[in-house]
Amino acid sequence: MRLATTVALVALLAAPLVQAQVGKNQGLVDPNLADRAALRALPHMSDALADAIVAARPFTSAASLDQVVAKTLEAAQRPELYARVFRQIDLNHASREEIMLIPGMTSRMAHEFEEYRPYTSLEQFRREIGKYVDAAEVARLEQFVFVPLKLNAASSEAFMTIPGMTSRMVHEFEEYRPYTSMEQFRREIGKYVDAKEVARLESYVTLE
C-alpha cells in the first residue's frame, strides 16, 4: 500500500503542470460566441448594437470590437459594457490603446503589462502583476487577457482554454503538427470550420 502511494506521488510530481494560456473567465461574455439574447441583456446594449456585433464577427482583438461599439456608445459608457463583454487582449502584442480598453485600467498598470513582455504563461502574468495589486484584482484582470498558444508545443489542456474550443478541434490542431506556416494552419483547420471560425481560432495561436 505504501509503495503504491509512493509511486502515485512520484507520477504526480513528474507530470507536467497544465498552464492555461487564456485567462480564467469570471462571467465575462465572449462577443464572438454569445447569442443575440445574451448580448441584448448587457449594459447600454440596443437591438441595433447587438445586431452590429453579431454581423461584425469574428472579433480577433479588443480593438476590433471597440471599433463597432464606438459607433454607438460614448467613451464614458463603454467601460461599463466592457466589464461584461470583452475580447481578450494578446498580452505580448496588444497596443497601449488596446490595453487601456480593459475596465479599470490605469496608465501605470498598462505600463506594467508591457514591462514584463514577452509573457510565456499566465502564471508569469499572475506573478508579475501580483507585485502591484492583490490576488482578487489579478484574477479580475486575468479574464481580459491571454498568452498566445504555440501551435507546435501547446498541450491539449492549454488548447482547451481557447473560448469555444472542443476536444474534437483540439485533436485536429494536434493532428497536423508540425505546422510550418499559418497558411498551413488555415488550410488544415479550414477543412472543419468556416473561414470566420478559422480566423477566430488563429487569433489565439502563434508559431513563434
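Enquirer: Help me get a handle on helix α12 (residues 182-189), residues and values and all.
Expert: Turning to α12, its buried residues number three or more, namely Met182, Gln184, Phe185, Glu188 and Ile189. In a view along the axis of α12, the buried residues occupy a sector of 155 degrees, so they form one face of it. Here the buried face of α12 lies against α11 (167-175), α13 (195-202) and β4 (205-206).

Enquirer: Describe the nonpolar core, listing the residues and the values that go with them.
Expert: Ile53, Phe86, Ile89, Ile102, Phe113, Phe125 and Val145 are the most contacted members of the largest nonpolar core, which totals 39 residues. Contributing elements (two or more residues each) for this core: α3 (47-56), α4 (62-69), α5 (78-82), α7 (107-115), α8 (122-129) and α9 (135-142). Broken down by element, the residue count for this core peaks at four residues, all from α4. Every residue in contact with Ile102, bar those within four places of it in the chain, is listed here: Phe86, Ile89, Phe113, Leu141, Phe144 and Val145. With 21 residues, the next largest nonpolar core counts Tyr176, Met182, Phe185 and Ile189 among its residues.

Enquirer: Please give an account of the packing of α8 against α9 that cites residues and values.
Expert: Close contact between α8 and α9 brings their axes to 10 Å; oriented N to C, the two are set at 140 degrees. The orientation of α8 with respect to α9, classified from their angle, is oblique. Crossing hand, α8 versus α9: right-handed. Between α8, through Leu122, Phe125, Arg126 and Ile129, and α9, the contact on the second element is made entirely by Val138, Leu141 and Glu142. Considered class by class, the residues forming the contact of α8 with α9 number five nonpolar, no polar and two charged.

Enquirer: Outline the confidence of the model for the protein chain, listing residues and values.
Expert: Per-residue pLDDT for the protein chain has a mean of 92; in total, 91% of the residues score no lower than 70. Below a pLDDT of 50 lies the segment residues 1-18, which in the model reaches one contact outside its immediate sequence neighbourhood of four places, other chains included.

Enquirer: Lay out the packing of aromatic side chains with the relevant residues and their values.
Expert: All chains considered together, the criterion is met by nine aromatic pairs. Aromatic rings pair up to connect Phe159, Phe173, Tyr179 and Phe185 into one cluster. A cation sits over an aromatic face here: Arg87 above Tyr204, 4.2 Å from the ring centre.

Enquirer: Tell me about the side chain of Asp90, and name the residues and values.
Expert: Secondary-structure assignment places Asp90 in strand β1 (residues 89-90). Buried and unpaired, Asp90 has no salt bridge, with Arg117 as the nearest side chain of opposite charge at 6.6 Å. In contact with Asp90, other than residues within four places in its own chain, are Arg117, Phe146 and Pro148.

Calculation rules
- Residues numbered from 1 in each chain as written.
- Predicted model: local features only at pLDDT ≥ 70, side-chain atom pairs only at ≥ 80, totals over all residues.
- Heavy atoms only, no water.
- Buried < 20%, exposed > 50% of the residue type's maximum accessible area, 1.4 Å probe, protein only.
- Helix = DSSP H or I, 4+ residues; strand = E, 2+ residues; numbered from the N terminus.
- Arc of directions from axis to C-beta.
- Contact = heavy atoms within 4.5 Å.
- Core = buried A, V, L, I, M, F, W, Y, C linked by side-chain atoms within 4.5 Å.
- Axes fitted to C-alpha atoms, helices over the stretch in contact; angles between N-to-C directions.
- Parallel < 35°, antiparallel > 145°, perpendicular 65-115°, else oblique.
- Left-handed = near helix turned anticlockwise from the far one by under 90°.
- Nonpolar A, V, L, I, M, F, W, Y, C, P; charged D, E, K, R; others polar.
- pLDDT = per-residue confidence, 0-100.
- Phe/Tyr/Trp six-rings, centres within 6.5 Å; stacked < 30°, edge-to-face > 60°.
- Lys NZ or Arg CZ within 6 Å of the ring centre and 35° of its normal.
- Lys, Arg positive; Asp, Glu negative; His and termini not counted.
- Salt bridge = Lys/Arg side-chain N within 4 Å of Asp/Glu carboxyl O.

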